[in-house]
Amino acid sequence: MIQSSSKALGITPPFEAYSGDGPYTFVSYAHADKVIVFDAMRQLFDRGANMWYDEGIKPAGEWVEEIAHAIKASSLFLVFISPRSVDSRYVRSEVGYALSENKEVLTVYVEETTLPAGLSLCLQQFQSVFLEDETWREKALETIFEKMDTPVSFSTEIVDNGEEVVDHGKILWNLWEKSRDRQLARRPIPTVKKPKKTARKPKVSTRKDPEIAPPRVSGATRHPFATDVVVSKEKNSIHRAGDLYKDPNVGEFSWIPVGEISIKVPYSEETKLVRVKNGFWMARFLVTQDLYTKVMGNNPSFYDSSISENPENFPVNNVSWLDAVSFCKALTILSKSEGKLPDKYEFRLPTEVEWEYSCRAGSRSDYYFGDHAHELQEHGWFRGNSQKRLHPVGLKKPNPWRLYDMYGNVREWVGNSFVNTLLNDSEQDEFRISRGGAYMKCASECQSSSRSTNSLNHRFRNLGFRPVLAQVSV
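First, a word on what this report is: a plain description of the structure on this page. (Residues numbered from 1 in each chain as written. Predicted model: local features only at pLDDT ≥ 70, side-chain atom pairs only at ≥ 80, totals over all residues. Heavy atoms only, no water.)

## Concerning empty space enclosed by the protein
The following threshold applies: Using protein atoms alone on a 1 Å grid, points that fit a 1.4 Å probe yet trap it form a cavity, whereas open point sets bounded by protein on both sides within 12 Å along at least five of seven lines form a pocket; residues with an atom within 4 Å of a point count as lining. Grid points are joined across faces, edges and corners, and a volume is the space filled by probe spheres set on the points. Strands here are runs of E lasting at least two residues and helices are runs of H or I lasting at least four, both read from the DSSP assignment and numbered beginning at the N terminus.
Across all of its chains, the model carries one cavity of 30 Å³ or more by this definition. What the largest cavity holds in volume is close to 50 Å³. Every residue along the wall of the largest cavity is listed here: Val79, Ile81, Ser85, Val86, Val91, Arg92, Val95, Leu119 and Leu123. For the lining of the largest cavity, the element with the highest residue contribution is helix H4 (residues 89-100), accounting for three residues.

## Concerning the packing of helix H2 (residues 65-73) against H4
How we decide: In this description, a line fitted to the C-alpha atoms serves as the axis of each element, helices being fitted only across the stretch in contact, and the angle between N-to-C directions of two axes falls anywhere from 0 to 180 degrees. An angle below 35 degrees is treated as roughly parallel, one above 145 as roughly antiparallel, one from 65 to 115 as roughly perpendicular, and anything else as oblique. Two helices cross in a left-handed way if the nearer one is turned anticlockwise from the farther one by less than a right angle. They cross in a right-handed way if the turn is clockwise. Any two residues having at least one pair of non-hydrogen atoms within 4.5 Å are treated as being in contact. Basically, the charged four are Asp, Glu, Lys and Arg, the nonpolar ten are Ala, Val, Leu, Ile, Met, Phe, Trp, Tyr, Cys and Pro, and anything else, Gly included, counts as polar.
Running from N to C, H2 and H4 point in directions that differ by 40°, and their axes come no closer than 10 Å. The angle between the axes of H2 and H4 places the two elements in the oblique class. When you trace H2 past H4, the crossing you get is right-handed. In this structure, H2 contributes Ile67, Ala68, Ile71 and Lys72 to the contact, and H4 contributes Glu94, Tyr97 and Ala98. Across the contact of H2 with H4, the residue classes break down as five nonpolar, no polar and two charged.

## Re the pattern of salt bridges
Note the cut-off: Salt bridge, as used here: a side-chain nitrogen of Lys or Arg that lies within 4 Å of a carboxyl oxygen of Asp or Glu. Relative accessibility thresholds used throughout: buried, under 20% of the residue-type maximum; exposed, over 50%; partly exposed, between the two (1.4 Å probe, protein chains only).
Per the counting criterion, the structure on display carries 20 salt bridges. When the shortest N-O distance is used, the salt bridge between arginine 84 and aspartate 33 registers 2.8 Å. One end of the pair, arginine 84, is in helix H3 (residues 83-87); the other, aspartate 33, is in the loop between strand S1 (25-28) and helix H1 (34-46), and 51 residues separate them in sequence. Looking at arginine 84, the relative accessible area reads 30%, which means it is partly exposed. We note a salt bridge from arginine 435 to glutamate 356, for which the minimum N-O separation is 2.7 Å. Of the two residues, arginine 435 sits in strand S16 (residues 431-435) while glutamate 356 sits in helix H10 (residues 352-360), which places them 79 residues apart along the sequence. Classification of glutamate 356 as buried rests on a relative accessible area of 0%.

## Thoughts on the packing of aromatic side chains
Filter applied, for reference: For Phe, Tyr and Trp, where Trp contributes only its six-membered ring, two rings pair if their centres lie within 6.5 Å, and the inter-plane angle classes them as stacked under 30 degrees, edge-to-face over 60, or tilted in between.
According to the stated counting rule, one finds 22 aromatic pairs in the structure shown. When the ring of phenylalanine 15 is compared with that of phenylalanine 45, the centres are 4.1 Å apart and the planes differ by 10°; the resulting orientation is stacked. Residue phenylalanine 15 is located in the segment before S1, and its partner phenylalanine 45 is located in helix H1; the two are separated by 30 residues in the primary sequence. For phenylalanine 45, a relative accessible area of 34% gives the class partly exposed. Seen in terms of ring centroids, tryptophan 255 and tryptophan 281 are 5.0 Å apart; in terms of plane orientation they differ by 65°. Their pairing is edge-to-face. Taken together, the positions of tryptophan 255 in strand S10 (residues 251-256) and tryptophan 281 in strand S13 (residues 280-283) put the pair 26 residues apart, joining distant regions of the chain.

## Considering unusual backbone geometry
Even without being a glycine, lysine 344 presents a positive backbone phi close to 65°. Relative to the helices and strands, lysine 344 resides in the loop between helix H9 (321-337) and strand S14 (345-348). Of note, arginine 402 is a non-glycine position whose phi angle comes to about 65°, a positive value. Relative to the helices and strands, arginine 402 is located in the loop between H10 and strand S15 (411-413).

## A closer look at the sheet that holds strand S5 (residues 128-130)
Applied cut-off: When DSSP finds at least two bridges between two strands, those strands are taken to pair.
The five strands are arranged S2-S1-S3-S4-S5 in an open sheet whose pairing can be described as parallel. With partners counted over all chains shown, the strands left at the sheet margins are strand S2 (51-52) and S5, one partner each. When strand S4 (residues 105-109) meets S5, the two strands line up parallel, connected through three bridges. In the sheet register, threonine 107 faces S5, and the bridge partner there is serine 128. Against the sheet, H4 makes contact with S1, strand S3 (76-81) and S4, and its axis sits at roughly 150° relative to S3, the strand it touches most.

## A look at the environment of serine 75
Just so we agree on the cut-off: In protein, a polar contact means a hydrogen-donor-capable atom and an acceptor-capable atom, both N or O and within 3.5 Å, with residues adjacent in sequence counting only if both atoms are side-chain atoms; elsewhere, any N or O pair within 3.5 Å suffices.
Looking at where serine 75 falls in the secondary structure, it is placed in the loop between H2 and S3. Serine 75 gets classed as buried once you look at its relative accessible area, which sits at 17%. Along the backbone, serine 75 and valine 105 are 30 residues apart, and their C-alpha atoms lie at a distance of 9.7 Å. From its side chain, serine 75 meets the backbone oxygen of tyrosine 24 in a polar contact 2.8 Å long.

## Overview of H9
Quick reminder of the rule: A helix is expected to reach a length of 1.5 Å times the quantity of its residues less one.
For H9, built from 17 residues, the straight-helix expectation of 24 Å at 1.5 Å per residue is met to within 8% by its first-to-last C-alpha distance of 25 Å. Counting buried positions over the 17 residues of H9 gives 14, a clear majority of the element. Within two residues after H9, glycine 339 carries a phi angle of roughly 70°, on the positive side.

## What to know about the pairing of S13
By the alternation rule, side chains of S13 split into Phe280 and Met282 and Trp281 and Ala283, which are all buried. Note: S10 against S13, four bridges, orientation antiparallel. Note that in S13 the partner of isoleucine 256 across the bridge is phenylalanine 280. Pairing of S13 with strand S19 (residues 468-471), which is carried by two bridges, proceeds in the antiparallel orientation. Counted as the bridge partner of methionine 282 is valine 468 from S19.

## Things to note about the sheet that holds strand S11 (residues 259-264)
Spatially, S8-S11-S12 is the arrangement adopted by the three strands of the open sheet, whose pairing is antiparallel. This sheet does not close on itself; its edge strands, each paired only once, are strand S8 (225-231) and strand S12 (271-276). Strand-to-strand twist of the sheet, defined as the mean angle between neighbouring strand axes without regard to direction, takes the value 20°. Note that S8 and S11 share six bridges and pair antiparallel. Bridge pairing in S11 links valine 229 to isoleucine 261.

The analysis is restricted to geometry; functional conclusions fall outside its scope.
Written out as structure tokens, the structure is:
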């Protein structure tokens, strides 16, 4: 993000940010390091690297959509590491978004810097170079050109003064040809025509199963919602719904079997059937402040001086969607390095379909225990019983699959939304979904269908999450 104009500070941007159609490297840095970083970027740019950076973008709140798009479309994410960049919430957000998009990261250390535990875990799998190393340019360019699909076979020639220089002519022409071929082969993005406004017709249910009640909401709706849930019997599975798995780092998980969930498409009369094709393990408890601190090295949670209990077993809160994604990736790397992660498994956020399917545990009612809100007292912390504060995890009754605090306490960040699933589309804007209600929500806002929307950078005292342990998708 631009915090101040480089020109106003007398610092001239080294070049214009890349705006072509070919592959490029996204550059993240702290603006306090501009003098050093701009010089380093100029050296890479002069050797033929395409680079996009945020010089010239106008500030717009916590997150600029253009930056998110630039990271998503980049072929490589390069971050200049220094004590200033580690402390910058803008750089941390950019790194978090790059990790959430599974971008390969190249870290260039401006100076020796101690990384927070979670960030260190996430970045240790990627290549690092140090500016004090005389060969840093060659090492960085090798990674950059590799991600640009350019063969790293530098042709050289000797000039009169005896110095060896690199000739990038052939390399850049090859890059241009490959980029052009990719653009010609790219599928056109389909356009969605807005439906013409027509008079709303009364809804006529076509459901044949008399035991399944029709949806309570008629006509168009602003949000997708589930209308039916079916849990399948797994013939070859050794696990049953709710079976226990104990992870050495996280603790208890419940087995979530395969099944189906029917979802009402927003602003239409259509209902789509979504299949949960693969079973997975979901954490029985919300991520606690103790667990988050052990993995990430810090505790961002809101401090409530009125709470006398030890906060370690309280749910971690005040975390953004990017924080939750970074935690899951760091936890995966930590467990793998310790030899505690099952083969071909990873920790991640549940998708919205997985969350509601797991919460309902086969139920079709407003709550997994029925339609009567007065029973919520026994299952979750909400406005009616929370005393306007958080509570330790696991004190209320679990759902039939042994999942605790699915209603109330803190809202839970999820991964891909219903809309991504219904449209079979991985594209997302800066907004993300949280589920389950919270301790300051009324009972009607703590149902199986309750959902909220916030920026992926949004943090608040009633926002937390729980991970799932699932097979890595091929």
